[in-house]
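Structure at a glance
So you can see what is in the structure, the chains are spelled out below.
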Amino acid sequence: MKLEGSSDRFPADPPSKSYSGIPWSMCISPLSDIDSNSEPNRQMIHHAIRCQSCGAYFCNLSRVDCTTRLWRCVMCGIRNLFESQDLIVIPTDLKSLRDTEPCFKDSSYEINLDFDENIDPNVNEQVSESKNLAIFFVLDLSSSEISFEIVTQVVLKLVQTKLAMHSNVYVGILTMGAGFLGVLDYSLPLTSQHNRLFPVQYDSESVDFTQSVECERILHCIDSQQMMDMLAFSLDSICQYHKTQLKSNFNPTEIEKRYIASTVQLILDVQSKDYATTFMATRVFMFPSGPNCDEMSENIDSNKHAKNMKNVIDDVEAGENGADKSKSGILEFVQSKLSFLFLESVPNRLQAFTKSRKGLAQYAKRTQQSGVMFDFFFNGSHKSDLKQFRTLAACSGGNLVLYSNSTEFNAEILFDDVRRSLDSAIAVNGILRIRTTPEFQVSKLFCRGLRRIYLEEKEDEDAELLDEVRDGDVQDVNEIYSLNLSGSKSSFGIDFEFCSSEGFVGAVLVPCVQVVMRFTKVWVDRNGKFQIQRVLRVSTHPGNSSQSRSVIQKEVHDKVVVKILFRKAMLACRDESPKQARILLRDWLANLLTRLPQPNVKDSHKAKPPKLQLETLLSIESLAQLPKLVFGLFKSRIFCVDAEESDENIFLEELYTSLSPEDFALCVYPRIYACGHSVDLNSMLFFNQNGLALRKDAIDENRRQNSLFVIDNFTRIVIFYTRTATESFPLPSGCALHHHIAHLISQRPIQPQVVVCREDTLDANWFWSFMIEDGTETSGKDVKSRKLINFTELSDEKLQNISYQEFV
Ligand SMILES: [Zn+2]
């Protein structure tokens, strides 16, 4: 677990906080790998040792007296006695270790809660065997023919390569569309494998799918070649069915309907029934081709509906037991059933056509409680109304992926993205607790996948969904959240506030933050096996404090600052307008400029001009990148007026929110490398870590020495050949640059799009569009007089076209 402060130094008191101009915040990446430097911890701590007074956890930062067996709690300062079964080898000279060993500066460790020495290991093995993972793939029958075929291929390949032959992984296939929810039923004989169809449910309160469908029939281990063949055949028949359905004479508006809320409910029902103890976690991969179309109706006779479903099952089974049907026979049979049910459900559907906005969000809490994670993959051919999916994806910890550049899925990219998501570690059913020493507390939390829990066990409806900021109304230093999180790179931010005006001045204890997670971890081990484990993670981060603003500023982590700024601006954008968000960013930077040490000017007879202040800022290494990063954020499409609420914007917002500060910074201000010409592709010499400025003239200045430029903005990598480039086009696959890019791609949670282009071609616009520092219409202005512009008075259009020069 990584805890990164906006500065290594906490401000000592409220005045030093405001003088520094830096937000007092921290980014937490809860699933990042435990630093190997923390290894000694694992030898020291076998099980959770907690303070008897405040409940905080023992860590390497605690002072230990080996002779008296006492340890001092870092959060409250109370001395605790180790119990007899505790421990443990304690290093005799912890104080000197603290200076030399990183793990004694910032402590992180993990305890396997499944492992308990007191339990017979044989029994323990039995327990771990019952831990299973359920994986659902949900196909959308309203997709285009090409996309549907690609999705079925991808699902088959994933099952073959990742999920087959695992004894603890169960696979379920669902289909939705044209008024029906289809379930691949594993209970039927091999040769008659087919998709079972149920009418969608309109009254979500009263019909329980699991009354009609046993879980065993929906989920199955693909643990033999026979099962594998069966699944391949089934997917193929679903695909055939999809084709014939598209060609048949259904009402086209009906074909486009996909009942996602009903599907979500079916899955939650399966998970929460008696199978809940069998499946520790459930993952759902959905490939919808448009918005959810569940319609809510008040007066549906749910009994009649349930009866309908029962009839279908009986009919299907009667059909099965009859003649030995050929493949095409089954297809016809299914189709005939479909049209029958379609007609049946028409009167119901006429009753209400109000699209329910809350349709999916209402499942968010249940999703988190039952440990179900939803990943949605969209292609850009439809307007998908991603807003509906946002809450469900965010609260369940899953991903929202949009391929906005293509009208159909790309098989390779889709496979790769789903595989990445499957491979990355996830945390489900977790509890996360943030503690601080008494002088300060959490005031705001910016996150996804977390939900606040009240200590006094209020009714669940009161628990908040935390994708919004929460204002400081906290009395207890123990902040408890429930969580579902995915990926080692997922990250969220917290803001701190002082409890009193003295701050840390005169405090006995070193200011300290402890984040503790208790969760179920699902990950893929080295042998490709899915592992499920109950884990406790404890991370403790001490922050030295300072009253000096220059010390605080010198130890700033610029990327953490920008990540926190993004969340603040995002909320301003939601609550007010994109324009307001941009003004917030600009004001923040302007404020920082006034909070800098006075420049050493001999003739300081006049008030400092802003230009000198900017130079001061650029001269402080830790702050030097901030203006560009803030400018990148300022120019981000997210804060564009016309992009508001678009699918792409919602996708970007979800992606940005979940990324680590490092990766996020790349999205905001892409990195640019140069090579070629004087620099051989195999001994690439890239520009310094921060790269070139994103300006056309910066490219021109460097094009004499370099013929190739590479821009990386996290979701896209563009390789640009200048017109004088003599290197082979596209990139030779053996060269170092090629390896480097392949490495970058493998590190991302979503596969970046790679574009190779030549100057003077149309494709080159991919490259030039990244030059965000070039403002438009700046020619007539006197750039030299960098006056602070009154941003509140500028039109939106002008604000969007502002150049970096004017900005700073
Ligand atoms: Zn304590």
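Where an unreviewed UniProt entry is consulted, the chain appears under the name Protein transport protein SEC23, with the organism given as Timspurckia oligopyrenoides.

**Some thoughts on the overall build of the chain**
Check the secondary structure of the chain and you find 27 helices and 27 strands. Split into buried and exposed, the 808 residues of the chain put 56% on the buried side. Within the chain, contacts between residues separated by at least 24 positions form 78% of all contacts whose residues are at least 6 apart in sequence. Carbon and sulfur atoms make up 49% of the accessible area of the chain, which amounts to about 34300 Å² in all.

**Looking at the environment of Ala-411**
With respect to the helices, strands and loops of the structure, Ala-411 is situated in helix α15 (residues 411–423). Sequence spacing of Ala-411 and Val-151 is 260 residues, and the spatial spacing of their C-alpha atoms is 7.3 Å. Apart from residues lying up to four places away in sequence, Ala-411 is in contact with Ile-150 and Val-154.

**So, the coordination of the zinc ion**
Taken together, the protein ligands of the zinc ion are Cys-51 (SG), Cys-54 (SG), Cys-73 (SG) and Cys-76 (SG), with distances of 2.3 Å. Because the angles between the 4 donor atoms bound to the zinc ion fall within 103 to 112 degrees, the donor set is best described as tetrahedral. One chain supplies every donor for the zinc ion, spaced along it as C-x2-C-x18-C-x2-C. With a relative accessible area of 26%, Cys-54 lands in the partly exposed category.

**Observations regarding helix α18 (residues 578–594)**
An α-helical turn contains 3.6 residues, so a residue and the one three or four places further along point in the same direction. The terminal C-alpha atoms of α18 lie 25 Å apart, and with 17 residues this matches the ideal 24 Å at 1.5 Å per residue to within 8%. Listing the buried residues of α18 in full gives Pro-578, Ala-581, Arg-582, Ile-583, Leu-585, Arg-586, Trp-588, Leu-589, Ala-590, Leu-592 and Leu-593.

**Remarks on the packing of helix α5 (residues 145–163) against helix α8 (residues 225–247)**
Packing of α5 against α8 leaves a shortest axis separation of 10 Å and a crossing angle of 175 degrees. As far as their axial angle goes, α8 and α5 are roughly antiparallel. When α5 is examined against α8, the residues Glu-145, Phe-148, Glu-149, Thr-152, Val-155, Leu-156, Val-159 and Gln-160 are found in contact with a partner set consisting of Met-228, Leu-231, Ala-232, Leu-235, Ile-238, Cys-239, His-242, Lys-243 and Leu-246. The residue makeup of the contact of α5 with α8, split by class, is 11 nonpolar, 3 polar and 3 charged.

**Section: the pairing of strand β3 (residues 25–29)**
The element β3 is largely enclosed, with a buried count of 5 among its 5 residues. The sheet contact formed by strand β1 (residues 2–5) and β3 spans 4 bridges and is antiparallel. Each residue of the ladder has a partner; that of Glu-4, found in β3, is Cys-27.

**Overview of the nonpolar core**
Residues Phe-137, Ile-173, Phe-287, Leu-414, Phe-639 and Phe-767 are the most contacted members of the largest nonpolar core, which totals 147 residues. Sort the elements by how many residues they give to this core and α5 lands first, with 9 residues. In contact with Phe-767, other than residues within four places in its own chain, are Ile-672, Ile-699, Phe-709, Ile-711, Val-718, Phe-720 and Cys-757. Judged by nonpolar contacts, the second largest core, of 28 residues, contains Leu-445, Leu-483, Phe-504 and Met-517.

**Points about the layout of surface pockets**
Leftover empty space is mapped by rolling, across the atoms, a probe with the size of a water molecule. Of the voids in this model, the largest pocket is the one considered here, and its volume is about 1200 Å³. Residue lining of the largest pocket: 43 residues in total, with Arg-637, Glu-648, Asn-713, Thr-715 and Arg-716 positioned closest to the centre. Broken down by secondary-structure element, the contributors of at least two residues to the lining of the largest pocket are β15 (400–403), α20 (626–634), α21 (647–658), α22 (661–668) and α26 (796–800). The element best represented in the lining of the largest pocket is α21, accounting for 4 residues.

**Points about the UniProt feature "domain: Zinc finger Sec23/Sec24-type" (unreviewed entry) in the chain**
With numbering matched to this structure, UniProt assigns "domain: Zinc finger Sec23/Sec24-type" (unreviewed entry) to residues 49–83. Helix makes up 0% of residues 49–83 and strand 26%, and the two end C-alpha atoms of the span are 9 Å apart.

**Side note on the confidence of the model for the chain**
When the pLDDT values of the chain are averaged, the result is 75; 71% of them are 70 or greater. Across residues 38–43, where pLDDT falls below 50, the model places 9 contacts with residues more than four positions away in sequence or in other chains. The model gives residues 456–477 a pLDDT under 50, and that stretch makes 51 contacts with residues more than four places away or in other chains.

**Observations concerning the sheet that holds strand β4 (residues 63–65)**
With antiparallel pairing, 3 strands are arranged side by side in an open sheet as β4-β5-β6. One side of each edge strand has no neighbouring strand; the edge strands of this open sheet are β4 and β6 (79–81). Geometrically, the sheet is characterised by an average inter-axis angle of 25 degrees between neighbouring strands, direction not taken into account. As judged from the 3 bridges shared by strand β5 (residues 70–72) and β6, these two strands associate in the antiparallel manner. Pairing of Leu-70 across the sheet is with Leu-81, part of β6.

**Topic: the sheet that holds strand β25 (residues 708–712)**
Here 4 strands make up an open sheet; going across it, the order is β24-β25-β26-β27 and the pairing mixed. Of all the strands in the sheet, the pair left with one neighbour each is β24 (671–675) and β27 (753–758). Across this sheet, the average inter-strand angle for adjacent strands is 15 degrees, counted without regard to direction. Direction of pairing for β25 relative to strand β26 (residues 716–721): antiparallel, over a ladder of 5 bridges. In the strand pairing of β26, Asp-712 is matched with Ile-717.

**Description of the packing of helix α14 (residues 387–396) against α21**
As a packed pair, α14 and α21 sit with axes 10 Å apart at the nearest point and diverge in direction by 15 degrees. Compared by their axis directions, α14 and α21 come out roughly parallel. Crossing hand, α14 versus α21: right-handed. Along the contact surface, α14 presents Lys-387, Arg-390 and Ala-394, while α21 presents Ile-650, Glu-653 and Glu-654. Looking at the contact of α14 with α21 residue by residue, the class counts come to 2 nonpolar, no polar and 4 charged.

**A short note on the pattern of salt bridges**
According to the stated counting rule, one finds 23 salt bridges in the structure shown. Glu-110 is the salt-bridge partner of Arg-537, the closest N and O atoms lying 2.4 Å from each other. Here Arg-537, found in strand β22 (residues 530–542), pairs with Glu-110, found in strand β7 (residues 107–112); they are 427 residues apart in sequence, far enough to count as distant. The closest approach of N and O atoms between Lys-568 and Asp-495, which form a salt bridge, is 2.6 Å. Of this pair, Lys-568 sits in helix α17 (residues 558–575) while Asp-495 sits in strand β20 (residues 492–498), and the two are 73 residues apart along the sequence. According to the relative accessible area criterion, Lys-568 is partly exposed, its value standing at 23%.

**Remarks on the pairing of strand β17 (residues 440–446)**
In terms of burial, β17 is a largely internal element, 6 of the 7 residues being buried. Strand direction decides the pairing type here: β17 and β20, joined by 6 bridges, are antiparallel. Paired with Phe-446 across the strands is Gly-493, a residue of β20.

**Some remarks on helix α10 (residues 260–272)**
Taking 1.5 Å per residue, 13 residues should reach 18 Å; α10 reaches 18 Å between its end C-alpha atoms and fits that length. In terms of burial, α10 is largely enclosed, as 12 of its 13 residues are buried. Those residues of α10 that fall on the buried side of the exposure criterion are Ile-260, Ala-261, Ser-262, Thr-263, Val-264, Gln-265, Leu-266, Ile-267, Leu-268, Asp-269, Val-270 and Gln-271.

**A look at the packing of aromatic side chains**
Counted according to the given criterion, the structure contains 35 aromatic pairs. Summarising the aromatic geometry, the rings of Trp-24 and Phe-504 are spaced 5.8 Å apart at their centres and angled 85 degrees between planes, so their arrangement reads as edge-to-face. Taken as a pair, Trp-24 in the loop between α1 (14–20) and β3 and Phe-504 in the loop between β20 and β21 (512–524) lie far apart in primary sequence, 480 residues in all. Considered together, Trp-24 and Phe-504 belong to a single accessibility category, that of buried residues. Ring centres of Phe-440 and Phe-496 lie 5.2 Å apart, and the angle between their planes is 80 degrees; this geometry places the pair in the edge-to-face category. Highlighted residues: Phe-440 in strand β17 and Phe-496 in strand β20, separated in sequence by 56 residues. Pair check on accessibility: Phe-440 and Phe-496 agree, each one buried. An aromatic cluster is built from Phe-10, Trp-24, Phe-440, Phe-496, Phe-498 and Phe-504, whose rings are joined through pairwise contacts.

Conventions adopted
- By convention here, each chain's residues receive numbers from 1 onward along its written sequence.
- Reporting of local features is limited, given that this is a predicted model, to residues whose pLDDT is at least 70; pairs of side-chain atoms are given and counted only at 80 or more, and all residues count toward the totals for whole chains, interfaces and linings.
- Here the side-chain values reflect all heavy atoms present in the structure, with hydrogen atoms and water set aside.
- Put simply, DSSP H or I for four residues or longer makes a helix, DSSP E for two residues or longer makes a strand, and each gets a number counted from the N terminus.
- Only protein chains enter the accessibility calculation, which uses a 1.4 Å probe; a residue is then buried when its area is under 20% of its type maximum, exposed when over 50%, and partly exposed in between.
- Only heavy atoms matter for contacts: two residues are in contact if any of them lie within 4.5 Å across the pair.
- Each accessible area is a Shrake-Rupley result for a 1.4 Å probe, and residues are judged covered by the shown protein chains and nothing else.
- In this listing, donors mean N, O and S atoms no farther than 2.8 Å from the metal, or 3.2 Å for Na, K and Ca; water is missing from the atoms, so a site can look incomplete.
- By the criteria applied here, four donors are tetrahedral when all angles lie between 85 and 135 degrees, four are square planar and six octahedral when opposite donors are over 155 degrees apart and every other angle lies between 65 and 115, and any other arrangement is irregular.
- Expected helix span is given by 1.5 Å per residue-to-residue step, counting one fewer step than there are residues.
- For helices, the axis comes from a line fit to the C-alpha atoms of the stretch in contact; other axes are also lines fit to C-alpha atoms, and the angle between any two N-to-C directions lies between 0 and 180 degrees.
- An angle counts as roughly parallel when it lies under 35 degrees, as roughly antiparallel when it exceeds 145, as roughly perpendicular when it falls between 65 and 115, and as oblique in every other case.
- All amino acids are sorted into three groups, where Ala, Val, Leu, Ile, Met, Phe, Trp, Tyr, Cys and Pro are nonpolar, Asp, Glu, Lys and Arg are charged, and the leftover types, Gly among them, are polar.
- Strand pairing is assigned whenever DSSP identifies at least 2 bridges connecting the two strands.
- Put simply, buried Ala, Val, Leu, Ile, Met, Phe, Trp, Tyr and Cys residues joined by side-chain atoms within 4.5 Å make one nonpolar core.
- The way it works is a 1 Å grid over only the protein atoms, where trapped points that fit a 1.4 Å probe form a cavity and open points with protein on both sides within 12 Å along at least five of seven lines form a pocket, and then any residue with an atom within 4 Å of a point lines it.
- Grid points are joined across faces, edges and corners, and a volume is the space filled by probe spheres set on the points.
- UniProt positions are given in the numbering used here, feature names are shortened, and annotations may be inferred rather than shown by experiment.
- pLDDT measures how confident the predictor is about each residue, on a scale from 0 to 100.
- Helix crossings get a hand from a simple test, with the near helix turned counterclockwise from the far one by less than a right angle marking a left-handed crossing and a clockwise turn marking a right-handed one.
- When a carboxyl oxygen of Asp or Glu is within 4 Å of a side-chain nitrogen of Lys or Arg, the pair counts as a salt bridge.
- Any pair of Phe, Tyr and Trp rings, taking the six-membered ring for Trp, is counted once the centres come within 6.5 Å. Such a pair is stacked with planes under 30 degrees apart, edge-to-face with planes over 60 apart, and tilted for the rest.

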